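Overview (structure and organization)
Take a look at the letters that make up each chain.
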Amino acid sequence: MLPDIALHRPASLAAAVAGLDWDHVGYAGGTELVPALRLGVRRPTALIDLKRLPELSGIEEAVDGDTETLSIGALTTHRQAAASPAVRRLAPMLADVVAHVGNVRVRTTGTLGGNLAFAEPRSDLATVCIALGAGVDVAGPRGHRHVSVDDLIVGPYESSLEPDELIVRLVVPTPHDPGARYWKLQTMERPTLGVAIVPGEEGVTVVVGAAAERPVRVVVPSGADAETALDAFCAGVELISDMTGSADYKRAVLRHHLAGELLGRRAA
Amino acid sequence: MNVVEMHCTVNGRPVRDTVLVRLTVAEFLRDRLGLRGTKVSCEMQVCGACTILVDGEPVSSCCMLAADLDGRRVETIEGLARGGELHPLQAAFWEHNAFQCGFCTPGFLMMSKALLDTEPDPGPELVREWLDGNICRCTGYRSIEQAVLSVATTRDGDGRPG
């Protein structure tokens, strides 16, 4: 049994924010929170149910000149995002990635806001969001602020959200280079390695997730310097050994994958 | 103890109850309603043994609070057979020897039902993708996959067995 806990169902975003603190924690899909309660790694006294807040729902597009912004409510589940025509058209890499997180049940109940708020160190979503330059709209008692996902994710299960703040929406700038792509190595329930690649004007942005304390971002220049930069990055990036493989193994896989993707050949 | 009022339907029957906030759906089904067909194993959404359908969607009942069933429609393994007649998926699991100890079977059946309700004629790839989050430790997956595909085939065309 879970520990005894209270449940509050605020009727507005303002009421939800007013009720949040370290002991009163936001609650939506429960994918991360319920196991955390069971394990005792989080011991709040009350759940603040966010599921009925319209501000956290829906998927919208906003056009501003040449750029279109995709605004995805924090309550959007992985399955909803994967099936959304707007997400598929404007951010196909994101749609594909959220279609392959966890399993069908996790994708049915787990929300994008919860995925990011928990700063799960093996989150495919966080890795992709950082690669796409996405951010989150955060509400708190001091009003709203925009935080890049890169700044949101601090470390394993550690975000830069204050205990009285919550993610309202995920904001993804578009369009993306059609060459944007994500690959993951996964043999167990969570990925061993996730690699997002987004070509850009200054080079190719590479974000490596799942194998480090938090996703690691690097820009690899195109042309003659690419191999040197790639070698330096792969040699220096701090990776973690765990039950999915040693750091050396992950480094070898990463080097092999990136050489194939960016240098057009397989590493020796 | 913190409690909350809730009402829902379980396998078509209305249920009204006052439940502890900390009560999971799996505990509610098994301990309050006596529906023990739903199994609990990993308690972290990995194994799929506790899979049920809520408003037609597959969820892990071990990681959902009973309080969240308020106003919703629940389907469990006990609701699959009708009047003593096995659901086509149950019959197919029987025909294909798709279980041994049977512990994981309710979860596999409910996940398979969710798939076929969404996509009546899935190919092997989609079956594997949907059942990827269900673990069987004795039968192996081949016979389970074939059982689900046989039901999909049976439903093909004008409904005659394929």
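To start, this report covers the structure provided alongside it. (Residues numbered from 1 in each chain as written. Chains lettered and ligands numbered in written order. Predicted model: local features only at pLDDT ≥ 70, side-chain atom pairs only at ≥ 80, totals over all residues.)

Thoughts on the pairing of strand 6 (residues 135-140) of chain A
Residues and elements named next belong to chain A. The line we're drawing: Being paired, for any two strands, means DSSP has found at least two bridges between them. Runs of E in the DSSP output that reach at least two residues are strands. Runs of H or I that reach at least four are helices, and both are numbered from the N terminus.
Pairing between strand 6 and strand 7 (residues 143-148): 6 bridges, direction antiparallel. By the bridge assignment, V138 is partnered in strand 7 with R145. Between strand 6 and strand 7, which follow one another and run antiparallel, lie 2 residues. When strand 6 meets strand 10 (residues 166-174), the two strands line up antiparallel, connected through 5 bridges. Residue pairing across strands places A139 opposite L166, the latter belonging to strand 10.

Examining the packing of helix 2 (residues 88-95) of chain B against helix 3 (residues 105-118) of chain B
Residues and elements named next belong to chain B. Rules: Convention adopted: a line fitted to C-alpha atoms gives each axis, helices being fitted over their contacting stretch, and angles between N-to-C directions are expressed from 0 to 180 degrees. Angles below 35 degrees are treated as roughly parallel, those above 145 as roughly antiparallel, those between 65 and 115 as roughly perpendicular, and all remaining angles as oblique. Crossing chirality is assigned from the near helix's rotation relative to the far helix, an anticlockwise turn below a right angle marking it left-handed and a clockwise turn marking it right-handed. Here, residue contact means that the backbone-derived C-beta atoms of the two residues sit within 7 Å.
At a closest axis distance of 10 Å, the pairing of helix 2 and helix 3 adopts a crossing angle of 130°. On the basis of the axis angle, helix 2 is oblique to helix 3. At the point where helix 2 passes helix 3, the crossing takes the right-handed sense. Touching L89, Q90 and F93 of helix 2 are T105, L109, S112 and K113, all from helix 3.

Here we look at the sheet that holds strand 14 (residues 216-220) of chain A
All names here are of chain A. The strand order 11-12-13-14 describes an open sheet built from 4 strands, whose pairing is antiparallel. The sheet is open, and its two borders are formed by strand 11 (181-185) and strand 14, each paired with just one other strand. Going from strand to strand, the sheet's axes swing by 15° on average, the running direction of each strand aside. Alignment of strand 11 against strand 12 (residues 193-200), held across 5 bridges, turns out to be antiparallel. Directly across from R181, in strand 12, lies its bridge partner I197.

Topic: the sheet that holds strand 3 (residues 51-54) of chain B
All names here are of chain B. One open sheet holds the 5 strands; their spatial order is 2-1-5-3-4, and the pairing between them is mixed. The open sheet has two free edges, formed respectively by strand 2 (13-20) and strand 4 (57-60), since each of these has just one partner strand. Across this sheet, the average inter-strand angle for adjacent strands is 40°, counted without regard to direction. With 8 bridges joining them, strand 1 (residues 3-10) and strand 2 adopt antiparallel strand pairing.

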